[in-house]
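# Structural overview for review
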Amino acid sequence: IPALKAGDLKTARTSYEAFDTNWDSIEDLIKARSADGYVAIEKGMIQIEKALMPDAPDVAAVTALVTEVITQYNAALMEGTKDARSHT
């Protein structure tokens, strides 16, 4: 989001690509904890990827999409953390 707001599309795209790459390592855990969250994140990631394609993307729209995906992602992680703590 900071890169988007600064107009640094190269960094914004690179940051998104890193998130997408790292998503593979955690998506099964998220899916197991929250199927709805998983679906929302996957859909949001597709929308972000498409929204970042134009040379001049709609920064407000991309920012809103990123915020929604991060909110879903963090909620699913929190759920997993709560679940792990309850089993210790």
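Everything in this summary refers to the structure shown in the same document. These figures come from a predicted structure and were not determined experimentally.

### Side note on the packing of aromatic side chains
Within a pair of aromatic rings, the relevant descriptors are the distance that separates the centres and the angle that separates the planes. All chains considered together, the criterion is met by four aromatic pairs. Consider the rings of tryptophan 23 and tyrosine 38, whose centres lie 6.1 Å apart with planes at 20°: the pair is stacked. Of this pair, tryptophan 23 sits in helix α2 (residues 9–23) while tyrosine 38 is found in helix α4 (residues 35–51), placing the two residues 15 residues apart along the sequence. Judged by relative accessible area, tryptophan 23 falls into the buried class, the value being 2%. The exposure class of tyrosine 38 is buried, given its relative accessible area of 16%. Geometrically, the ring pair formed by tryptophan 23 and tyrosine 73 is tilted, given 6.2 Å between the ring centres and 55° between the ring planes. Highlighted residues: tryptophan 23 in helix α2 and tyrosine 73 in helix α5 (residues 59–86), separated in sequence by 50 residues. Assigned by exposure class, tryptophan 23 and tyrosine 73 land together as buried. The structure contains a cluster of three or more aromatic residues connected by ring pairs, namely Phe19, Trp23, Tyr38 and Tyr73.

Cut-offs used in this document
Residues numbered from 1 in each chain as written. Predicted model: local features only at pLDDT ≥ 70, side-chain atom pairs only at ≥ 80, totals over all residues. Heavy atoms only, no water. Phe/Tyr/Trp six-rings, centres within 6.5 Å; stacked < 30°, edge-to-face > 60°. Helix = DSSP H or I, 4+ residues; strand = E, 2+ residues; numbered from the N terminus. Buried < 20%, exposed > 50% of the residue type's maximum accessible area, 1.4 Å probe, protein only.

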